[in-house]
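# Inside the fold
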Amino acid sequence: MARSSTRPTSRDVAHAAGVSQAAVSLVLGDKWRGRVSETTAERVRQAARDLGYRPNLAARNLRLGRTRTVLLVVPALTTEFFAGVYTGAARVAAAHGFGVVLYPSPEGIGPARDPFASAQAALDGVIASSMAADALTDIRGDQLPLVMLDSDPAGSLGAATVNLDIADGVRQVAEHLLNLGHRRVLHLAADVPSWTFEVRARELAARMAAVPGTEVRTARAPISIDGARTATEAALTAAGPRPTAIVCDDDKLAAGAYKALRRLGLRIPDDISVTGLDDLALATAIDPELTTVRLDAELFGERGMRALLAVLEGRRPESGDIPVQLVVRGSTAPPRTP
C-alpha cells in the first residue's frame, strides 16, 4: 500500500480497517477486549502497520490524564544489583512507551521524601524494591498503582508482588554446606528489618535443624564491609566451638567476613568456609572467589515493570517466583577434621 507524504491519522486507520475512530482508539489503547472482536482488533492493528501510523502519545496522555511515568523506589544505590533492577524495568517500560524515574530512598529503608510536588499527578504507578511498606508513605506511593518487589505477598500493600526465590537460594546454600559435612554454622545476618532477610534466617534455621547435630549461631551486622568485619570478629572470638562455615545474607557482608578472618589468621576455605548471596561483581574480585547465589537483577526489574503494566491495564500479573542459582566457587570446602 502506498503511503501518503503526510502523517497518517487515526481517521485514516479507521477508514482502511472499515471501523470507527472509537474502535481504533480502543484497539491501539489496548482497551478493546469485550468491546470489539479479536478479528476486528487484528484488522485495526494491520491497518496501522500498513499505514505506518503511530499514536500521538503526548496528546493521548493529556487527554487521558496519564504521564506514562513510573517511579522505581530502591534502597540507596550501594551495589550494582539495583542498577540491574532499573535496567530491566526501563527496558520493558520503553517498549511500552513509558519512562522510569529512579528514586533511591536515602537510608535504604524508612520514609523517603516526595520527589514530586504531587506524586499522584506526576506518576502512573510505583514499583518499590526491598523496602518496608511504610517507606512509601511520604511519597504517597501507596495511593497509586503499586507493585512491591522482595516483599511479603501476604502483607503487601501492592496490587501485585514480584519476588526472587530467596528461600530456595538459602536452601541451596544449606544443602551445599551440609553435603560438604558442615554442622556448625555462623549466620552473618543483615541488621535490616525487611521481609527478605527474615526469609533467609527462617529458611537457614529450618534446613539446618532438619539434620541432627547441627548448630546455627547468628551475628547481626549493618550491610557494610566494616560492620560485617566487626560482627564476624566478635562472633568468632566468643566462647564455644568455632563455626566451620559462615553464611552471609549478601556478598558485601561476605567481603567483611573475609577481612575479619584474615585478621584472625584463618584461611578460607581451609579453616572456615564462607558463602554470600547476590553474585555481585565483588564475588569474583575477592580471593578466593565467593560461593554465592546468583540473583537475576535485570529479570527482576523486567518482571516488576510487566506486573505494573498488567495492573494498569486491568490484567492479572504473571505469577511465580523468579528462580535463583547457587554458584560454587573457591570459598567453600569440607570442614577440617578435628
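Predicted, not measured: the structure shown is a model, and the values here were computed from it.

Rules behind the numbers
Residues numbered from 1 in each chain as written. Predicted model: local features only at pLDDT ≥ 70, side-chain atom pairs only at ≥ 80, totals over all residues. Heavy atoms only, no water. Helix = DSSP H or I, 4+ residues; strand = E, 2+ residues; numbered from the N terminus. Buried < 20%, exposed > 50% of the residue type's maximum accessible area, 1.4 Å probe, protein only. Contact = heavy atoms within 4.5 Å. Areas by Shrake-Rupley, 256 points an atom, 1.4 Å probe, with all protein chains shown as cover. Pairing = 2+ DSSP bridges. Polar contact = N/O pair within 3.5 Å; in protein donor to acceptor, adjacent residues only side chain to side chain. Axes fitted to C-alpha atoms, helices over the stretch in contact; angles between N-to-C directions. Parallel < 35°, antiparallel > 145°, perpendicular 65-115°, else oblique. Left-handed = near helix turned anticlockwise from the far one by under 90°. Salt bridge = Lys/Arg side-chain N within 4 Å of Asp/Glu carboxyl O. pLDDT = per-residue confidence, 0-100. 1 Å grid on protein atoms, 1.4 Å probe; cavity = no way out; pocket = protein on both sides within 12 Å on 5 of 7 lines; lining within 4 Å. Points joined across faces, edges and corners; volume = space filled by probe spheres on them. Nonpolar A, V, L, I, M, F, W, Y, C, P; charged D, E, K, R; others polar.

Glancing now at the overall build of the chain. Scanning the chain for helices and strands turns up twelve helices and eleven strands. Taken over 338 residues, the chain has a buried fraction of 48%. In the chain, the proportion of contacts linking residues at least 24 apart, taken out of those at least 6 apart, comes to 72%. In the structure as shown, the chain presents an accessible area of about 15900 Å², 51% of it carried by carbon and sulfur atoms.

Every other side chain in a regular strand lies on the same face of the sheet, so the side chains alternate between the two faces. Counted residue by residue, strand β3 (residues 125–129) has five buried out of five residues, so it is predominantly covered. Of the two faces of β3, both are covered, the one formed by G125, I127 and S129 as well as the one formed by V126 and A128. For strand β1 (residues 69–74) and β3, the ladder comprises four bridges, and the chain directions are parallel. Within β3, the position partnered with L72 by the bridge is I127. Two elements, β3 and strand β4 (residues 146–149), share four bridges in a ladder whose sense is parallel. For I127, the partnering residue across the bridge sits in β4 and is V147.

Here we come to the side chain of R329. Position of R329 among the secondary structure elements: in the segment after β11 (325–327). Among the residues examined, R329 registers a relative accessible area of 18% and is labelled buried. Within the structure, R329 has its side chain in polar contact with the backbone oxygen of L290 (distance 2.9 Å). Here R329 is in contact with D279, A283, T284, E289, L290, T291, T292 and R294, once residues within four sequence places are set aside.

Note on placement: E302 falls in helix α12 (residues 297–312). Discounting chain neighbours no more than four positions away, the residues touching E302 are G88, A89, R91 and V92.

A few words on the packing of helix α1 (residues 10–17) against helix α3 (residues 38–51). At a closest axis distance of 9 Å, the pairing of α1 and α3 adopts a crossing angle of 120°. The pairing of α1 with α3 is recorded here as oblique in orientation. As for how α1 packs across α3, the hand of that crossing is right-handed. Here α1 contributes D12, V13, A16 and A17 to the contact with α3, which in turn contributes R43, V44, A47, A48 and L51.

For the rest of this paragraph, the subject is the pattern of salt bridges. Summed over all chains, the structure comprises 18 salt bridges. The shortest N-O distance in the salt bridge between E298 and R91 comes to 2.7 Å. You can see E298 sitting in helix α12 and its partner R91 sitting in helix α5 (residues 81–95), a full 207 residues away along the chain. Overall, E298 belongs to the partly exposed group, its relative accessible area being 32%. Between R306 and E302 there is a salt bridge; the shortest N-O distance is 3.9 Å. Of the two residues, R306 and E302 are both situated in helix α12; the distance of four residues between them amounts to about one turn of the helix.

To continue, consider the environment of A174. Among the structural elements, A174 can be located in helix α7 (residues 166–180). C-alpha of A174 to C-alpha of A206: the two residues are 32 residues apart in sequence and 9.7 Å apart in space. Residues in contact with A174, not counting those within four places in the same chain, are L204, R207 and M208.

Quick look at the confidence of the model for the chain now. On average, residues of the chain score 85 in pLDDT, and 83% of them reach the 70 mark or higher. In the model, residues 57–65 has pLDDT below 50 throughout and makes eight contacts with residues more than four positions away in sequence or in other chains.

Here the structure, examined in full by the defined rule, presents one cavity of 30 Å³ or more. The calculated volume of the largest cavity comes to roughly 60 Å³. Looking at the largest cavity, the residues that line it are V170, V173, H187, R200, L204, V247, C248, D249, G276 and L277. Those elements giving two or more residues to the lining of the largest cavity turn out to be α7, α8 (195–209) and β8 (245–248). Looking at side-chain class alone, the lining of the largest cavity contains six nonpolar, two polar and two charged residues.

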